[in-house]
Amino acid sequence: MEKEGLGFEITELRLGLPGGGEIKNEKKRVFSEISEEEENGKGNGKSQVVGWPPVCSYRRKNSFGDKDGSKTSKFYVKVSMDGAPFLRKIDLALHKGYSDLATALEKLFGEVLKDADSCEFVPIYEDKDGDWMLAGDVPWEMFIESCKRLRIMKRSDVKGFGVLQPREAVKGTLKE
Amino acid sequence: MMNYFPDEVLEHVFDFITCHKDRNSVSLVCKSWHRIERYSRRRVFIGNCYSISPERLIARFPGVKSLTLKGKPHFADFNLVPYDWGGFVYPWIKVLAETGIGLEELRLKRMVVSDESLELISKTFVNFQSLVLVSCDGFSADGLAAIAANCRFLRELDLQENEVDDHRGHWLSCFPESCTSLVSLNFACLKGEVNLGALERLVSRSPNLKSLRLNRSVPLDTLQKLLMRAPQLVDLGIGSYVHDPSSEASNKLKHAIQRCKSIMSLSGFLEVAPRCMSAIYPICGNLTTLNLSYAPGIHGNKLTKLIQHCRKLQRLWILDCIGDKGLGVVASTCKELQELRVFPSDPFGAGNDAVTEEGLVLVSAGCPKLNSLLYFCQQMTNAALITVAKNCPNFIRFRLCILDPVRPDPVTNQPLDEGFGAIVQSCKRLKRLSLSGLLTDQVFLYIGMYAEQLEMLSIAFAADSDKGMLYVLNGCKKLRKLEIRDCPFGNAALLEDVGKYETMRSLWMSSCEVTLGGCKTVAEMMPSLNVEIINESDQTEFNLDDGQKVDKMYLYRTLVGHRKDAPESVWILGDLTRSEHHEPSLNDMIQDMKLKNVSGDDDFIIWESNNFKLQGNFSVYGYNPFIFFFHPVVGLGVVASSCKELQELRVFPSAVFGAGNDVVTEEGLIRR
């Protein structure tokens, strides 16, 4: 730019149609300039400009990033139920709390529940450490972070499992 | 001549004219047609809620039954407008209620709708039948509950893409047992749970139900029961679609779906297990509309296999994970396709199988009836656009969004001027255009030259100079809405022809080069425009120096002056200067023009004069230089100084604004 007047303009690189005599308007705000600004201001890893791409905010909130489950939090865990022939999978992130989960499990295993001879079931889960824990002790958010798989166990099988103490208060049974 | 027919006959004839533009034209023919049309008008469309007031609407159309209102500017969709900018519907409802209007239908877009408004609607208008809310906010499930509970003849409750606070989900249970009139129910955008039993009972007692769109809380077994109860459905939006294809539930669903032989429109799949799509195949053959744009879970060959069953598709909305190959399947299957929308599944375009110019070319070659496009893509070439233009000369809407908005043609490294130029030259019926990619002033030269029917233009990160904007303003005679962001357009472009803005609904310019001084000038010259400056930064930073660049400007024509409900971040220019502006009286101007009053009606005056010669550029004012329709305050002043050969002048007290389908006025018409 400082070479103006010395005849170097012709060597100046600029965007535009070949042969055009227009001097690129320096004030045009190029997308990359803006996205750098935004990046510096907001510290985002990606180039983001307000309102670009022009997707309406409702759509942004409801359809992005779901494709392979890696961009939004999805917490699919296997669920096994004593007496059921097949395991199921459930997305814990879709549920708001333990009672919501209980309802969902009832729906998944409704048939088995009906057929089982009126015994109660106990939901247990395997946590990150590999321990089997009784569901319902910790806050829901903590639970979905640490739960690796779920098992709905017949209460009658509990004693042999070696997890629960006999005097421990039983919480979160399905038939509450 | 028309006096041969009694009013009732004319009214009956006018009943067949349903399009707003046509009815507006009808009202301009003569005094009696104006009167008859006015009293028989039932449906009114108001494209900008601040262009007119509810009082004046009712004064002109006392028989209005159906009202459409739009509020926030389009760019509000992209978070460019403060949430409290305006667009409140309550004042409208209040006035309609107070004046005893028998409102039956209300369609709102980008407006703020309070629960109070909904309650007032539900309790005031006994024959209220249809509520359609698109991209609105401000209400909760409580407002919906009021509508459900009180609108005894409700036929349509259609909620599209609204932000609703539905923490309490009991609204659906509020439909009384006596409510059996529902034709359309769409609550897909609600996040909360609904009472499933209430939903089933509601559907059971609604024999006329044709359209049902569920939200994601409605599980599969409920869906199956609903379909069993409503096999007559024409439009279905599925909420949750998760099931094991070998399960009993799945079999029941298949059976239920097969009974629904009338379904022509399918959407939703808000939660989906893609291996279950085969249950849908039996109805795919009848589908004319398919919207999978909220179903990222359906992709790859599951998606293409589904589409291969949909040979009658006319409208398809999908995500870009369909890929170019998938678009090839669309091209070979959907020969009736008219509208295609491809949305990004990743806002940053990092996905590997997003679409490119190849997919678009394939669709253009395979689907000759294509006339409406919204296409988010990674890249575009001039060659592709030229091919598309040749294959599909029928585009009415062409909206291209390249995810990197200044990306040139990746093959030639040239701007996309020639490609878009080909589109506007070939598509003579083009009404709406959105541009992206690297673009210079040249593309705007083409647009101004060829896009004769263009009504709406969206520009971002384009152009080199004011020339770009000037080409458009001078060339596009039918332009109604122009929205610009991040372009180097300044005061010279803005001020070249301020009269033009009165022929348009609105102009939006953000992150351009216009200054406060330039905007003030527009406001001073054009009292019939509201010029709004939106300034969301800290107030103290924004000084009042006229040389300061304006971050966001939104101007629109209006007959009711400055609005009183603007928030602090919005300044409406011209408040101070307005009182000083001397508006010449009609009589002053008539004296100057030496016109004779030929017929002395109060409402309808014709003058004649032989003394005037037409001068200057009045293509903006009309197709016939001898007959003018215009706003008496502004227009007459201009005409008087320039139209020296004017022979006939008609000034109507009530007429249509501008291009004919926007606003109803009582003072005059500006026509191009």
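Look above for the structure.
The following paragraphs examine the structure supplied in this document. (Residues numbered from 1 in each chain as written. Chains lettered and ligands numbered in written order. Predicted model: local features only at pLDDT ≥ 70, side-chain atom pairs only at ≥ 80, totals over all residues. Heavy atoms only, no water.)

### Regarding the overall build of chain A
Argument step 1. For chain A, the helix and strand inventory stands at five helices and five strands.
Argument step 2. Reading the secondary structure of chain A in the N-to-C direction produces α-α-β-β-α-α-β-β-α-β.
Argument step 3. The burial tally for chain A puts 34% of its 176 residues in the buried class.
Argument step 4. For chain A, contacts bridging at least 24 residues in sequence account for 48% of all contacts bridging at least 6.
Argument step 5. Carbon together with sulfur atoms contributes 50% to the accessible area of chain A, which is approximately 11300 Å² in total. (Helix = DSSP H or I, 4+ residues; strand = E, 2+ residues; numbered from the N terminus. Buried < 20%, exposed > 50% of the residue type's maximum accessible area, 1.4 Å probe, protein only. Contact = heavy atoms within 4.5 Å. Areas by Shrake-Rupley, 256 points an atom, 1.4 Å probe, with all protein chains shown as cover.)

### So, the sheet that holds strand S4 (residues 132-134) of chain A
Residue and element names in this part refer to chain A.
Argument step 1. Read from one edge of the open sheet, five strands run S2-S1-S5-S3-S4, paired in mixed fashion. In this open sheet, the two strands that pair with only one neighbour each are strand S2 (88-91) and S4. The average angle at which neighbouring strand axes cross in this sheet is 35°, direction not considered.
Argument step 2. Note: strand S3 (residues 121-126) against S4, three bridges, orientation antiparallel. Across the sheet, the residue bridging to Ile 124 is Leu 134, located in S4.
Argument step 3. Along the sheet, helix H3 (residues 98-108) makes contact with strand S1 (76-81), S2 and strand S5 (149-154), crossing S2 at roughly 150°. (Pairing = 2+ DSSP bridges. Axes fitted to C-alpha atoms, helices over the stretch in contact; angles between N-to-C directions.)

### Here's the deal with the pattern of salt bridges
All names here are of chain B.
Argument step 1. Evaluated as defined, the whole model comprises 24 salt bridges over all chains.
Argument step 2. The residue Glu 37 makes a salt bridge to Arg 23 at a minimum N-O spacing of 2.7 Å. Linking Glu 37 in helix H3 (residues 31-40) with Arg 23 in helix H2 (residues 20-26), this pair joins segments that are 14 residues apart in sequence.
Argument step 3. Classification of Arg 23 by relative accessible area gives buried; the value is 8%.
Argument step 4. The residue Glu 271 makes a salt bridge to Arg 216 at a minimum N-O spacing of 3.7 Å. Here Glu 271 is found in strand S11 (residues 265-272), whereas its partner Arg 216 is found in the loop between strand S9 (211-213) and helix H9 (220-229), with 55 residues between them in sequence.
Argument step 5. Accessibility expressed as a relative area gives 17% for Glu 271, which makes it buried.
Argument step 6. Residue classification places Arg 216 among the partly exposed positions, given a relative accessible area of 31%.
Argument step 7. Overlapping salt bridges bring together Lys 21, Glu 455 and Arg 480 as one network. (Salt bridge = Lys/Arg side-chain N within 4 Å of Asp/Glu carboxyl O.)

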